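# Residue-level structural notes
Single-letter residue listing:
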Amino acid sequence: MKSSIPMLLAGLLASALAQAAPVCPSRDFAMFFKAFAEDAQLQADFTAHTLVEQRLQAGPEGPQPVVRKLEPALRPDLSQLSSERVAANGLIREIALPDRVYLRDQRGEVLQAFIFEQADCWALARVEDWSPSDALKSVKTPDDAAPGVRALLRGDAYEQLGQGEIKPIDKQLFIAALNSYLDAVDQGSAYAAYSAAAISLSGMAPRLSNQRLEQLLRLSSATVPEGALMLASFYCDEGQYRPDDNTCKHPQKALDALRQSAAMGSGNAFNELGSVYARGEIVPAQPARSLACYTEAVAHGADWADFNAQEMIKRGARADKDQPCL
């Protein structure tokens, strides 16, 4: 009889522990998170005792990530993950298998990653906040009064972070960079229009429609030489690989944009104009005008311009004051 008492107590203890242990909603991460996001008790039960937090702080080379461990009293408010709060705040919640969730807005001001680890069940182990807004507050520039300058700086910071060694959040950083640039465009920044088009055409950020890309590049081309130069390239290839014969889809528009960029002092545009007049692909070949453009490119410090000018001279081109570059 006495020997059965310890066994009875052990059974009761095991039963009590089983009843006290939280029930895992699902071992499938997507299903687990959907339950976790809506239930405060699940959030408490399935968050690591010591949660790791990463934020950005100002550094000599721009915002830099810093990491600390959070005791339970300092845990972030996880109710922001609920569908209701996400919708109310105009946020986007994206589950990224196998183990994380991203929370971002449409303007690039919010970018957070919630990273889980799996043992018997999933548990939130790390919260990363990639928004550089706080880290940029102390940054002062001569152009602080320019339209959209803070959003432009934010986009540049995201892009710089995305080009580092951060994996696998780099895609999200480029999305946030694009959204920040477009936010700056909405505030009137012509340079942000160039930056938005450039990051989209690079393939790092989502591809905007051709109509939107042309709109952005035309906006930037009035005051940004690089924007006009990119617009010229876009008129030829619309952001795609050119055919083997290097045919330009809209030659006159491309030429006009190149000339516009050169008129703003772009050495690269002068160099490209030299090539255009040398090759005879967009307009008939004009050796003297090509040499004039390469000479202007040399004066504006463009790479390879001097070599290109010397090659034209070897081919018989001679300067002609009646055939200037522009």
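Structural notes, computed from the coordinates. Since this is a predicted model, take the numbers as computed values, not measurements. (Residues numbered from 1 in each chain as written. Predicted model: local features only at pLDDT ≥ 70, side-chain atom pairs only at ≥ 80, totals over all residues. Heavy atoms only, no water.)

As a further point, take the pairing of strand S4 (residues 100–104). Within S4, five of the five residues are buried, which leaves the element mostly enclosed by the surrounding structure. The side-chain alternation of S4 yields two buried faces, one formed by Arg100, Tyr102 and Arg104 and the other by Val101 and Leu103. Two successive antiparallel strands, strand S3 (residues 92–96) and S4, enclose a turn made up of three residues. Examined bridge by bridge, S4 and strand S5 (residues 111–118) share five bridges and lie antiparallel to one another. Bridged to Val101 within S5 is Phe114. (Buried < 20%, exposed > 50% of the residue type's maximum accessible area, 1.4 Å probe, protein only. Helix = DSSP H or I, 4+ residues; strand = E, 2+ residues; numbered from the N terminus. Pairing = 2+ DSSP bridges.)

The axes of two packed helices give the description: the angle between them and the distance between them. In contact at an axis separation of 9 Å, helix H8 (residues 190–201) and helix H10 (residues 225–237) are set at 40 degrees when each is read in the N-to-C sense. Comparing the axis directions of H8 and H10 gives the class oblique. For the pair H8 and H10, the sense of crossing is left-handed. Facing H8, whose interface residues are Tyr191, Tyr194, Ala197, Ala198 and Leu201, H10 presents Glu226, Gly227, Met230 and Phe234. For the contact of H8 with H10, the class distribution of residues is seven nonpolar, one polar and one charged. (Axes fitted to C-alpha atoms, helices over the stretch in contact; angles between N-to-C directions. Parallel < 35°, antiparallel > 145°, perpendicular 65-115°, else oblique. Left-handed = near helix turned anticlockwise from the far one by under 90°. Contact = heavy atoms within 4.5 Å. Nonpolar A, V, L, I, M, F, W, Y, C, P; charged D, E, K, R; others polar.)

Helix H12 (residues 267–279) packs onto helix H11 (residues 251–263) with a crossing angle of 140 degrees between their chain directions and a minimal axis gap of 8 Å. Crossing angle aside, the handedness with which H11 passes H12 is left-handed. The residues of H12 that touch H11, namely those facing Leu255, Leu258, Arg259, Ser261 and Ala262, are Ala269, Phe270, Glu272, Leu273, Val276 and Tyr277. Of the residues assigned to the contact of H11 with H12, the class counts are eight nonpolar, one polar and two charged.

With that settled, the discussion passes to the pairing of strand S2 (residues 64–70). With seven bridges connecting them, strand S1 (residues 47–57) and S2 associate as antiparallel partners. Of the residues in S2, the one forming a bridge with Val52 is Lys69. Hairpin geometry of S1 and S2 is characterised by an intervening segment of six residues between the two adjacent antiparallel strands and by a positive phi of about 105 degrees at Gly62.

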